[in-house]
Amino acid sequence: MTDAAPGITADTRPRLPRGVRLVHNEAQGGWVLLAPERVFKADAIAAEIVKRCTGEATFAEIVDDLAKTYAAPRERIAADAGALLRSLADKKLLEL
Amino acid sequence: MAANGAALPRPLGLLAELTHRCPLGCPYCSNPLALDPRAEELDAATWARVFREAAALGVLQVHLSGGEPAARRDLLEIMASARDAGLYTNLITSGVGLAAKTLGALAEAGLDHVQVSIQDSEEASADHIAGYEGAYARKRALAAEVVALKIPLTVNAVIHRANIARVEQLVSLALAMGATRVEIAHVQYYGWALKNRAALMPTRAQVEAAVEQVESLRARHSGRIVIDAVVPDYHARFPKPCVGGWGRRSLNVTPSGKVLPCHAAESIPGLAFWSVREHSLAEIWTSSPAFNAFRGTAFLPEPCQSCERREVDFGGCRCQAFALTGDARATDPVCQFSPHHGLVTELAAVQEERPYAYRRM
């Protein structure tokens, strides 16, 4: 697999750093990513990707799992997930 | 019902003032001049209920503050109950009175973030401003403990005339302390700060230099530390959208259980604040007279009504409008279009060398 995004390879094990948490809040209508003094709404797809960023699973495994769960083309999922993880890492909401 | 009939927004943040007790005496403290005594403080079980109600209302983050929250012996129990309610927990501490053992237990129970204040980059000056010998050293030790526990750390540096020349050193200190975020928070003139205004007020030239410096420090430290700045609004042309708009995004629960739209709201006479002892948080958010008093923008006079920034800053801060004009519905006089703006310009030019009136209970 070619790199999905700068700094993200098949072997990357992305994880949320301490101080960043994904939580579900009914009143706010779904998933939100919480960080110091910051709140980001996560749509259902983003939440499914972030939930898998445990520090255990590799990027390739995350993409495999998503492709299987959603019966979607692997290439497209790799591109979308890679772009999301890159943008979260740039905001210091994710460690690669 | 919102005053303007539109659907009510949901709050995102709750400031939980667990106690007004604090070992420090900072002369710019945002607590009211009349502090709640210990005997009136809410118990841990009531805070746990408030946190559950807050999460159900949509609140995502709780800021455990005070006073010094560590003055509560049941801080761990209170923090854990907020975490159990699903809230993101931010401990706002002076660092004094928070034992390493307590911090370790808080970390284990899932504390998400710590914010510690610093008074100056020079020890003697810092302790003088805090009115507490040894505060600076204790804060540095506490910060090291936070970082060792891998809890993300924000340093809050409150800026005023005595330290405004050292913004660069304050950011360097925050980096040395291991913070990933620093707030360069110019004093806001409410509560104790209003009382000490002339002793704290920087000159316009000092403010302009500090604002420029923050810009260059941001560029220099990009990627290493996030620098957030709270603007010095007596020297501004436009007012701040106070707490993101009255009754729009956040609420504040006092040590004795009163629920306020912002920490200074009790300075406005005639507002009826409801207590969590008698009402649920949802009832208070939707129906309490104080929350509905200045919701929306319909109450605003000219020049706000025809202003294109009306939905940007909501006419500014109600507490400041009252403090400076005697009318809480007035345009915040920080705004250059306010008929009272000249008053702010005059007050911003008053610098007096006099001893601080320290915050004491």
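Residues numbered from 1 in each chain as written. Chains lettered and ligands numbered in written order. Predicted model: local features only at pLDDT ≥ 70, side-chain atom pairs only at ≥ 80, totals over all residues.

1. Notes on the overall build of chain A
- Secondary structure assignment for chain A yields three helices and three strands.
- Overall, chain A shows an N-to-C arrangement of helices and strands of β-β-β-α-α-α.
- Since a compact globule built from 96 residues should have a radius of gyration of about 12 Å, the 13 Å found for chain A is in line with a globular shape.
- For chain A, the spread of C-alpha atoms along the three principal axes comes to 40 × 25 × 20 Å.
- Per-residue burial for chain A yields a buried fraction of 29% across its 96 residues. (Helix = DSSP H or I, 4+ residues; strand = E, 2+ residues; numbered from the N terminus. Rg over C-alpha atoms; globule rule 2.2 N^0.38 Å. Buried ≥ 20, exposed ≤ 12 C-beta atoms within 10 Å, placed from the backbone.)

2. Examining the interface of chain A and chain B
- Taken together, the contact pairs eleven residues of chain A with 18 residues of chain B.
- Here the side of chain A that touches chain B gets three residues from one element, more than from any other, and that element is strand β1 (residues 21–25) of chain A.
- Each residue belonging to the side of chain A that touches chain B can be placed in one class, and the counts come to six nonpolar, three polar and two charged. (Contact = placed C-beta atoms within 7 Å. Nonpolar A, V, L, I, M, F, W, Y, C, P; charged D, E, K, R; others polar.)

3. Digging into the nonpolar core
Residues and elements named next belong to chain B.
- Of all hydrophobic cores here, the largest spans 129 residues; its most connected members are F51, A54, V62, L87, A157, A174 and V182.
- Tallying contributions element by element places helix α1 (residues 44–57) first for this core, with six residues.
- What L87 contacts, discounting residues up to four positions off in sequence, is F51, A54, A55, V59, L60, Q61, V62 and A82. (Core = buried A, V, L, I, M, F, W, Y, C linked by C-beta atoms within 7 Å.)

4. Topic: the pairing of strand β3 (residues 88–93) of chain B
Residues and elements named next belong to chain B.
- Of all six residues in β3, six are buried, a share of seventy percent or more.
- In β3, alternate side chains face the same way, and those of Y88, N90 and I92 on one face and T89, L91 and T93 on the other are all buried.
- As for the winding sense of the linkage, the β-α-β connection from strand β2 (residues 61–65) through helix α2 (residues 75–84) to β3 is right-handed.
- Between the parallel pair β3 and strand β4 (residues 113–118), the chain is carried across by helix α3 (residues 100–108), and the sense of this crossover is right-handed. (Right-handed = clockwise from strand over helix to strand, strands pointing away.)

5. Quick look at the confidence of the model for chain B
All names here are of chain B.
- Overall, the prediction assigns chain B a mean pLDDT of 95, with 98% of residues at 70 or greater.
- Of the regions scoring below 50 in pLDDT, residues 1–5 engages in ten contacts with residues more than four places distant in sequence or in other chains.
- Interface confidence for the predicted complex, expressed as ipTM, amounts to 0.86; the pTM equals 0.93. (pLDDT = per-residue confidence, 0-100.)

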